[in-house]
Structure formats: structure tokens, C-alpha cells
Amino acid sequence: MTSTTMAENTASAATKVGLATGAAPFRLIRRGLVYLLLSIAAFISVFPFYWMVVGATNPSAEIIKGKATLGGSLLTNAATFFAQVDAPRIFFNSAFIAVIATALTLAISSLAGYGFEMFRSRVRERIFGLLLLLLSIPFAAMMVPLFVMFSQAKLVNTYVAVILPTVASIFIIFYFRQATKAFPSELRDAAKIDGLKEWQIFLFVYLPVMRSTYAAATIIVFMANWNNYLWPLIVLQTAENKTITLILSALTSAYTPDYGMILFGTVLATLPTLIIFFLLQRRFVEGMLGAVK
């Protein structure tokens, strides 16, 4: 009996080893396909940035020919760009609009998301559902009434006209509400027992715990405001108030655009968003995964 059992166990082990050995090639093939697809996706994602940097070092004629190696015209392109563009002014415009709009959006949208999750009422879900429904309305459908409103308020061609329509972002409100679901309710209850008021709970308990969520939202909102094009194109009407995206668009519409100079300006315009992203990269990943610490 014992010898029979040992024989069966040996046969079973041999079968498992055979299955594992037979599955190994398929596992390697599957892993190889995954790495191949990831490599292709990485190349597609990185190549435009590579082309942008390389183009900034080449003259326009070489870029048109498709030269994909570094050239020696970086300083020439930089000199041409700074000669044609009031760089300090337009970068100040973009930075001022992006920073102020980001700060206001985070403040207002996080308060709204906190309130929607923490305070319960009969109409809460209906109001929130209505907000989500408004996301389906394209911005193009709201441009004309928005422009009329700001025109009547004498705010056209001002920073205020660019910033105000962005400060109550429905998507960021939704994002903060979903993130707040992971906020430990015990912390809020303990803070209430200690005598903290609601605004103190928000500032001194909720905000530090949700710092990863704020970091992720900062990157999203800053990039959206920095790269905003359509609405600033409509309301900013003088050159001294225009942002970097509008200036670069105007340079590309020239009869004979200088692509080397334009790509140099594009590199400069990309740097602030890259810096913000790399500074908050770890928090961004935690925030997107819904981490609460």
C-alpha cells in the first residue's frame, strides 16, 4: 500500500513538473509580448519629446528635411526666439494664470468634494448628479454666453476672465469626493470630540491626510491651466496679456515659420509642467491610486 502511494505521488510530481516545463515557453512568450507592447508605447510617448528637443537645436531647413539628430543651432534659435518674443512677460502671464487658477480650483473644488461626502442631505445626490450631467456639455457651447457675461462685466482682456471659469472644476470636485470616501471617519469624529470646528477639521486634519490627493490634483489642474488655449484665445486680445500657448500658436501661423525657433519656445513652455510633475511624481501616483496617509 505504501509503495503504491509513493508511486502515485512520484507520478503526480512528475506530471506537475512536466506541466510547469511545458508552460514555461508560453509564459516567456507572453512576457515578451507584454514588454514589446510596452516598448512600442514608450517609444510613441517619448519620441515627440525627443523630436522637440532635437528640433530646438537644428535650423528650420534641417527640420523640414527630417533630421533626427542634434544640431548646432540651439543658440541661434534661442536668440531668434528672445528677439521676437517678450519671453519674461508671456511666461509671467502663463505662470500667474496657472498658479492662481490652480490654487483657487484646489481650494474651492476640495471644499465642495469634502462637503458632498461629509454632509448628508436628501438632495445631495441629486445635486451631485446634476453636476456630473453638466460634464457632458462641451465648452464650445458655453463660450458665447461666457464671453457675453465677461464683456458686460468689462473683464475681457484680463486675467480674471481666464481664471474665473476654471475655478469650480466639476471633474476635480468629483475627484476629491471619490478620494474623500477613503478618509477615515474616525479622525473626524475624534476631532469633533476634541472640540474642533468643521473648518478646523478641514484645515488641520483633512488637508494633511489628503496631501497625496492634493498633489495629484495640483498636477492635473496646473497642466490644464498652463496649456489652456481656446478660452484665452477668445478673451485675451492684446499681445502683452497673451500666454505662451497663444504666442507659440501665432508663431506657427506665420507665412514661413521658423520651426527651430518655435521648437525652442516649445521646450521652454514644457519645462514648468515637467518640473511640477517630477517634484510631485511620488505623491501623484499615490493620489491617483487613492492612497490616504
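Everything below is about the structure printed above this text.
Let me sum up the structure you'll find in this document. (Residues numbered from 1 in each chain as written. Predicted model: local features only at pLDDT ≥ 70, side-chain atom pairs only at ≥ 80, totals over all residues. Heavy atoms only, no water.)

### Quick look at the overall build of the protein
Along the protein, the regular secondary structure elements total 15 helices and 0 strands. Taking the intrachain contacts of the protein between residues at least 6 apart in sequence as the baseline, contacts between residues at least 24 apart amount to 73%. Carbon together with sulfur atoms contributes 71% to the accessible area of the protein, which is approximately 17,500 Å² in total. (Helix = DSSP H or I, 4+ residues; strand = E, 2+ residues; numbered from the N terminus. Contact = heavy atoms within 4.5 Å. Areas by Shrake-Rupley, 256 points an atom, 1.4 Å probe, with all protein chains shown as cover.)

### As for the pattern of salt bridges
Inspection of every chain in the model, using the stated rule, returns 5 salt bridges. A salt bridge links Glu117 to Arg177, with the nearest nitrogen and oxygen atoms 3.2 Å apart. Of this pair, Glu117 sits in helix H4 (residues 87-118) while Arg177 is found in helix H8 (residues 170-180), placing the two residues 60 residues apart along the sequence. A relative accessible area of 3% places Arg177 in the buried class. The closest approach of N and O atoms between Arg188 and Glu198, which form a salt bridge, is 3.0 Å. Within this pair, whereas Arg188 is found in helix H9 (residues 185-193), its partner Glu198 is found in helix H10 (residues 198-209), the two being separated by 10 residues in sequence. The class of Glu198 is partly exposed, set by a relative accessible area of 22%. Overlapping salt bridges bring together Glu117, Arg124, Glu125, Arg177 and Lys181 as one network. (Salt bridge = Lys/Arg side-chain N within 4 Å of Asp/Glu carboxyl O. Buried < 20%, exposed > 50% of the residue type's maximum accessible area, 1.4 Å probe, protein only.)

### Side note on unusual backbone geometry
Phi at Lys154 takes a positive value of approximately 60°, unusual for a residue other than glycine. On the secondary structure map, Lys154 appears in the loop between helix H6 (143-152) and helix H7 (159-163). Residue classification places Lys154 among the exposed positions, given a relative accessible area of 71%. Positive phi is not limited to glycine here, since Asn157 has a value of about 70°. Relative to the assigned elements, Asn157 resides in the loop between H6 and H7. On the basis of relative accessibility, which here comes to 19%, the residue Asn157 falls in the buried class.

### Things to note about the nonpolar core
By size, the foremost hydrophobic cluster in this structure holds 22 residues, and its most contacted members are Phe81, Trp226, Ile244 and Leu251. Among the elements of the structure, helix H3 (74-84), H4, helix H11 (211-226), helix H13 (244-252) and helix H14 (259-279) are those that each provide at least two residues to this core. The biggest single contributor to this core is H14, with 6 residues. The contact partners of Trp226, leaving out residues within four places of it in the chain, are Phe91, Ser94, Ala95, Ala98, Ile244, Thr245, Ala269, Pro272 and Thr273. Residues Tyr175, Ala179, Tyr206 and Val209 belong to the second largest nonpolar core, which totals 19 residues. (Core = buried A, V, L, I, M, F, W, Y, C linked by side-chain atoms within 4.5 Å.)

### Concerning H3
Buried within H3 are the following residues: Asn77, Ala78 and Phe81. When H3 is viewed along its axis, its buried side chains cluster within an angular range of 100° and face the same direction. Away from the buried face of H3 by more than 90 degrees, exposed residues Leu75, Thr76 and Ala83 are located. (Arc of directions from axis to C-beta.)

### Focus: the packing of H4 against H8
Running from N to C, H4 and H8 cross one another at 50°; their axes reach a closest spacing of 8 Å. Looking at the two axes, H4 sits oblique to H8. Judged by the sense of rotation from one axis to the other, the crossing of H4 with H8 is right-handed. For the pair formed by H4 and H8, the contact residues are Thr105, Leu106, Ser109, Ser110, Ala112, Gly113, Tyr114, Phe116, Glu117 and Met118 on the first element and Ile172, Ile173, Phe176, Arg177 and Thr180 on the second. (Axes fitted to C-alpha atoms, helices over the stretch in contact; angles between N-to-C directions. Parallel < 35°, antiparallel > 145°, perpendicular 65-115°, else oblique. Left-handed = near helix turned anticlockwise from the far one by under 90°.)

### A look at the packing of aromatic side chains
With the rule as written, the count across this model stands at 22 aromatic pairs. Joined through ring pairs, the aromatic side chains of Tyr114, Phe119, Phe183, Phe202 and Tyr206 make up one cluster. The ring of Phe128 carries the charged tip of Arg177 above its face, separated from the ring centre by 4.5 Å. Residue placement shows Arg188 over the ring face of Phe119; its charged tip is 5.4 Å from the ring centre. (Phe/Tyr/Trp six-rings, centres within 6.5 Å; stacked < 30°, edge-to-face > 60°. Lys NZ or Arg CZ within 6 Å of the ring centre and 35° of its normal.)

### Details of a nonpolar patch on the surface
On the surface, Ile29, Leu33, Leu36, Leu37, Ile40, Phe43, Ile44, Val46, Phe47 and Tyr50 cluster together into a nonpolar patch covering about 1,000 Å² of accessible area. With respect to the helices and strands, Ile40 occurs in helix H1 (residues 2-55). The partly exposed category is assigned to Ile40, whose relative accessible area is 42%. (Patch = residues over 30% accessible without salt bridge, like charges linked within 9 Å, V, L, I, M, F, W, Y side chains within 5 Å.)

### Points about the side chain of Thr102
With respect to the secondary-structure elements, Thr102 resides in helix H4. Apart from residues lying up to four places away in sequence, Thr102 is in contact with Thr218, Val221, Phe222 and Asn225.

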